[in-house]
Structure formats: structure tokens, C-alpha cells
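So the chains spell out like this:
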Amino acid sequence: MSRRPHVTRIAAAAAAALAAGALAGAPAAAQEAAVETAKPAIELVTLPSPESPLVAVRLMLDVGSIHDPAGKEGLAALTGLMVAQAGTSERSYSELVEALYPMAASIGVSTDREVTVISGQVHRDTLAEYTALLTEAVLSPGFAAADFERNKEQLAAFLTSTLRSANDELLGLEALQDTIFAGHPYGHPPAGSVQGLAAITLDDVKRFYAEHYTRGNLMLGVAGGYPEGYVERLVARLGGLPAGSEGRMPLPDPPKVEGRRFTLIDKEAGAVGIHFGYPLPLDRADDDWYPLLVANSYLGEHRTFHGRLMQQLRGLRGLNYGDYSYIEYWEAPPFTSAPSPGVPRRQQYFSVWIRPVRPETAHFALRNALYEVERLEANGMTETDFELTRDFLVNYSKLWAQSLSDRLGFHMDSRFYGMPYYIDEIERRLGELTVEEVNAAAKKYLGTDAYQAVLVTDDAAAVAAYLEAGEPSPITYNAEVPAEVTEGDKAIQKLPVNPTAIEIVPVGEVFETGKALGG
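Rules used in this analysis
Residues numbered from 1 in each chain as written. Predicted model: local features only at pLDDT ≥ 70, side-chain atom pairs only at ≥ 80, totals over all residues. Heavy atoms only, no water. Phe/Tyr/Trp six-rings, centres within 6.5 Å; stacked < 30°, edge-to-face > 60°. Buried < 20%, exposed > 50% of the residue type's maximum accessible area, 1.4 Å probe, protein only. Helix = DSSP H or I, 4+ residues; strand = E, 2+ residues; numbered from the N terminus. Arc of directions from axis to C-beta. Pairing = 2+ DSSP bridges. Axes fitted to C-alpha atoms, helices over the stretch in contact; angles between N-to-C directions. Parallel < 35°, antiparallel > 145°, perpendicular 65-115°, else oblique. Left-handed = near helix turned anticlockwise from the far one by under 90°. Contact = heavy atoms within 4.5 Å. Nonpolar A, V, L, I, M, F, W, Y, C, P; charged D, E, K, R; others polar. Core = buried A, V, L, I, M, F, W, Y, C linked by side-chain atoms within 4.5 Å. Polar contact = N/O pair within 3.5 Å; in protein donor to acceptor, adjacent residues only side chain to side chain. Lys, Arg positive; Asp, Glu negative; His and termini not counted. Salt bridge = Lys/Arg side-chain N within 4 Å of Asp/Glu carboxyl O.

Draft legend 1. Here's a closer look at the packing of aromatic side chains. All chains considered together, the criterion is met by 15 aromatic pairs. When the centroid spacing of 6.3 Å and the interplanar angle of 40 degrees are considered together, the rings of tyrosine 226 and tyrosine 230 count as tilted. Summarising the burial analysis for this pair, tyrosine 226 and tyrosine 230 share the class buried. The interplanar angle of 50 degrees and the centroid separation of 6.4 Å between the aromatic rings of tyrosine 290 and tyrosine 422 together place this pair among those described as tilted.

Below you can see the structure in the form of C-alpha cells.
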């Protein structure tokens, strides 16, 4: 079992009175006044580990791309960069980097749909110096024009050079979210849109910072071997943020997916990336999450080989490299092997990712993936498969929070969801599960009747033609395969896909505006 964190809310003004006012000999009345005006409080998660020489600090702010104004998509991400990857009012960005370098430390920032996380980890011997720089960045951004242009260009390059040009995997994964959440606040990438970034001014960033970087929006996490009184001093320092107000932005329900809607991103590419999915009406705090977690692991746990998708598509048929399924957003999947903390969302989605596929086998691979989802929905898992998958997942999940910063991050995410520590909750919930509950969840939440699909492909018109025609897609192998594979192929190659709608989008138009694909 993991060490339990201390979770509380500390009024910043009260902490200031305790940590600073008492030393200055402030009268009791002044301290009481400070406490009285301390609303809203800073939510605090501490994970003390006195034996650790490291200290991790995470600031999670309830501000993300859902707060981007229409026509200025990317403002939340750009503001985060102007806080953590830019100069302060006291020093330039190069001077800040030079000051951090001897500590082997940095100030990281990540903006997702709902939150922005500013984080760092440092040896406790240099904690005071690091904290001074961290709070200087958060409280006193310099908003230099040069930093503004550099960070804006960085986000634009991510959209155009990375997503559109260099990384087909991330392109398809981000585009799938756009289609699933078309017309919803989730319906554009955190990095924004090309035209939205171009429209943002430095004054927009300053206003956005003033409105959203507040105590009411802040959850502060501290873990490791920090000294006595450190947390109170840090809270007091962060009391310099404006009060703001507590409460997250209301979200509409995700758009209902009707039929099987395909978006084909037409791009010169040597392989096809296949993605399909739909919204899920649950998250980690829901009872049904845990049986569905087991069902999903059995179907296609990320970067593992025991899932049915991986066994059937890659292992037995050699169709491609990776075949996975997900019941929540997965951060940077080409580069991560375990779920990342710091990207909590109140609304999630089921998805399947088939990567990369040779064009001549793409139709069959799509059908094979749909077949496996349908099979699990209809037949469920055997008792043996259930026990193996459950035991694997209980042990595997303990590896997700190996580092100090990750453990702290998962504790903070659990606070976001209003639930006990997620890693412990997996062990507790899965220990109580039955195969009947898992199969009931699979039947309730998995299916192929309605979904959004995104294919990143060359010659999208030809792909649209064979999807619409619906003819069998037989497959030939370069080596001998078991008889049961070829027998199964007879049903897979004829599986009805029956697209309800097909839209072809040139890659140069993807993420150009804030309008979501499929919207």
C-alpha cells in the first residue's frame, strides 16, 4: 500500500500570517484579519517521505483548453508557456535557465483540456533556491514580447510540423478526439489552432493569466523529503495569487455519436493509421470503471502483448506493430508505456488504435479490430482469462507511480476526481470483482454500432471507395499461419463496416481553425 497523503485546504493569507507574520511580530488582530480574508483556500496534497533526498512540487490549475475563447484556440497553453518557459519580471528566460542549471532542475508545464500542471523536482539541498525561482515564475511572469513570439511559434510548429508532417500517430489520435468531441469544449487540441494562435495577442495572455491563475483554481502538491515548515512557507508565497473563485467550468454532455462516421485525413504516407472510438459516460470515480478497466486490459492494454488485439492482429497475422484500446485519454502514447498523471478529465472516451498498417491490409485490419470489440461485447471473458487479466492489472498498475513526482501526480488526480488514491483503489476494487461483473460492463459500454473513426492515409478517395463498397477484403500471408487463423479470416474479411458518413480532409486543413473535425 502506498503512503497516504495529507489532504487539506490552507488559506493562503492564514499561512502567510503563520509563516511570516508571526516572525515579524504581527499583532494577533492582524493575523485574524488575514485568516478572515483568506477565501478561497488553496487545496493542498502533501506526500511526506523524510528518507527521500528529493522534493517534488506540482501546481495543478483548473484551467485548460476548455477555457480558450473561440477564435483564440491555444491561449491556455500559450499562457502556461509564458509562465513556466519564459522570463520573469526580474530576469530573462536565459537567466532563469542559467539559474536552474546548477540544480539539475527545470520548471515543466503541461496544458490539457481541463488543467495546467506546472511542476519540478529538485534535491532538497537546493530546495529553497529552486522554490524561489519557481514562485518567481508563477507570481511574476515577465511577459516579454520575444518570449511570446517564441512560444507562439513553438505551438504553431507542433500543429503544423509535428502533427501534420512528422508524427502520423499523434495526428490521428488528436484528430479522433476532435471528431468525438465536435462542438464540445474538448473539441480542439490544447495546442490550439493555426489561425487561433495567430490571433492571440500578448494582452490576451496577460488577461488570461490574471483571470485564471488564482488561488481558487489551484491545487498544490508537495512530496518527498521537504523540511518542516516548507509547505506553509510555500503556501504563504503563493498567497500572492489573486483569490479568484472555486468551482470548475460546467461541461455539456459529449455529442452523441450516431452511426459510423469516418474522417479520412488525406496525407502522403507509407502506412495507414486507424483510430475509432466514442464517448464514455464514466470516469475513475464510477463503480463501473473497474470492471471496464479489466475488460479493456484484456482487449488491448497499451504497449503490452497479452491483449486480444495485439495477439490477433500482430501476433498471429503480422499486420502491424501495435494494437491497443483505451477507456480514457492517454497522454503521448507513442512515447509513454504507462498512464501519465496530470491529465484528469471529467469526460472520457473509449478508443482503439491500430498502428501502422500497410495500405493493402488496412481494410482487413479495421475489420479485425472491430471483430475483436464485437467478440468481447458479445461473449465476454472466461473465468481463466478474467483471473489472469485481473492479477496482471493489479500488479502492473503499481508500476505506474514509481517516481516521486508521478505518485504525487496520481494522488492529485484522485483529488480531482473526488476519490481515494487511484493506484490503491485499483487493487481494492479488482479484488472484489467477478467475471460476471466484467462481462456485464463490456456488454454495457463496448460496441461497434456507433463510433467516430479517423484514418490517416494516402489516396483517401480510394479508401473511401472500398469502405463504401463493402466488398470482402481477403488477406494473404507471406508465411504459414495456423488453420484457425485462416478459418477466422473468412468471417473477418466480410464483417460489415457500413459507414454512415465519410469525410475526406486534406492534411493541410487539419487544426487550421478551431472548428473540430466532424463538427
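What follows picks up the thread again.
Draft legend 2. Up close: helix 17 (residues 435-445). Taken together, the buried positions of helix 17 are occupied by Val435, Val438, Asn439, Ala441, Ala442 and Tyr445. The buried residues of helix 17 occupy an angular sector of 155 degrees when the element is viewed end-on, so they sit on one face. Among the exposed residues of helix 17, those pointing more than 90 degrees away from its buried face are Glu436 and Lys444.

Draft legend 3. The arrangement of the pairing of strand 11 (residues 451-457) in detail. The element strand 11 is largely enclosed, with a buried count of 7 among its 7 residues. Residues Tyr451, Ala453, Leu455 and Thr457 of strand 11 are buried on one face, and the alternating residues Gln452, Val454 and Val456, pointing to the opposite face, are buried as well. Relative to strand 11, strand 7 (residues 260-266) runs parallel, the two being bridged by 7 bridges. Within the sheet, the bridge partner assigned to arginine 260 lies in strand 11 and is tyrosine 451.

Draft legend 4. Summary view of the packing of helix 12 (residues 308-316) against helix 13 (residues 362-379). As a packed pair, helix 12 and helix 13 sit with axes 10 Å apart at the nearest point and diverge in direction by 150 degrees. The orientation of helix 12 with respect to helix 13, classified from their angle, is roughly antiparallel. Read as a crossing pair, helix 12 and helix 13 show a hand that is right-handed. Of the residues in helix 13, those touching helix 12 at Arg308, Leu309, Gln312 and Leu313 are Ala365, Asn368, Ala369, Glu372 and Arg375. Residue composition of the contact of helix 12 with helix 13, by class: 4 nonpolar, 2 polar and 3 charged.

Draft legend 5. Molecular detail of the sheet that holds strand 9 (residues 320-326). Taken together, the 6 strands give an open sheet; going across it, the order is 9-10-8-11-7-12, and neighbouring strands pair in mixed fashion. Unpaired on one side and paired on the other, strand 9 and strand 12 (501-506) mark the two borders of the sheet. Direction aside, neighbouring strands of the sheet carry axes that sit 15 degrees apart on average. Packing against the sheet, helix 11 (residues 289-300) makes contact with strand 8 (272-280), strand 9 and strand 10 (348-357), and its axis sits at approximately 170 degrees to strand 9. Packing against the sheet, helix 13 makes contact with strand 7, strand 8, strand 10 and strand 11, and its axis sits at approximately 30 degrees to strand 8.

Draft legend 6. View of helix 3 (residues 75-84). Within helix 3, 10 of the 10 residues are buried, leaving the element largely enclosed by the surrounding structure. Contact partners of the buried residues in helix 3: helix 4 (93-100), strand 4 (108-111), strand 5 (116-123), helix 5 (127-139), helix 6 (145-166) and helix 9 (202-212).

Draft legend 7. The nonpolar core, seen in detail. Core analysis: the biggest nonpolar cluster contains 79 residues, and Phe262, Phe276, Phe350, Trp400 and Tyr422 have the highest contact counts within it. Contact partners of phenylalanine 276, with chain neighbours within four places excluded, come to Leu176, Phe350, Ser351, Val352, Leu366, Ala369, Leu370, Val373, Tyr451, Gln452 and Ala453. In terms of nonpolar packing, the next biggest core, distinct from the first, is built from 73 residues, Ile107, Tyr130, Leu133 and Val205 among them.

Draft legend 8. Examining the packing of helix 5 against helix 10 (residues 230-238) more closely. Relative orientation of the contacting elements helix 5 and helix 10 amounts to 20 degrees, with a least axis distance of 10 Å. Accordingly, the angle class assigned to the pair helix 5 and helix 10 is roughly parallel. As helix 5 runs across helix 10, the sense of the crossing is right-handed. Contacts from Leu127, Thr131, Thr135, Val138 and Leu139 in helix 5 reach Tyr230, Leu234, Arg237 and Leu238 in helix 10.

Draft legend 9. Broad picture of the environment of aspartate 287. Assignment of secondary structure puts aspartate 287 in the loop between strand 8 and helix 11. Aspartate 287 gets classed as exposed once you look at its relative accessible area, which sits at 54%. For the pair formed by aspartate 287 and arginine 429, sequence separation is 142 residues and the distance between their alpha carbons is 8.6 Å. One polar contact links aspartate 287 to arginine 429, side chain to side chain, over a distance of 2.8 Å.

Draft legend 10. Here's a closer look at the environment of glycine 270. Tracing the sequence through the fold places glycine 270 in the loop between strand 7 and strand 8. For glycine 270, a relative accessible area of 68% gives the class exposed.

Draft legend 11. Highlighting the side chain of aspartate 413. Mapped onto the elements, aspartate 413 comes out in helix 15 (residues 404-417). For the buried aspartate 413, no salt bridge is present, and the opposite-charge side chain at shortest range is arginine 284, 4.3 Å distant. Setting aside residues up to four positions removed in sequence, aspartate 413 forms contacts with Met60, Arg284, Pro341, Gly342, Val343 and Pro344.

Draft legend 12. Focus on the pattern of salt bridges. Under the defined criterion, the tally for this structure stands at 25 salt bridges. A single network of salt bridges, built from pairs that share partners, joins Asp287, Glu425, Arg428, Arg429 and Glu432.

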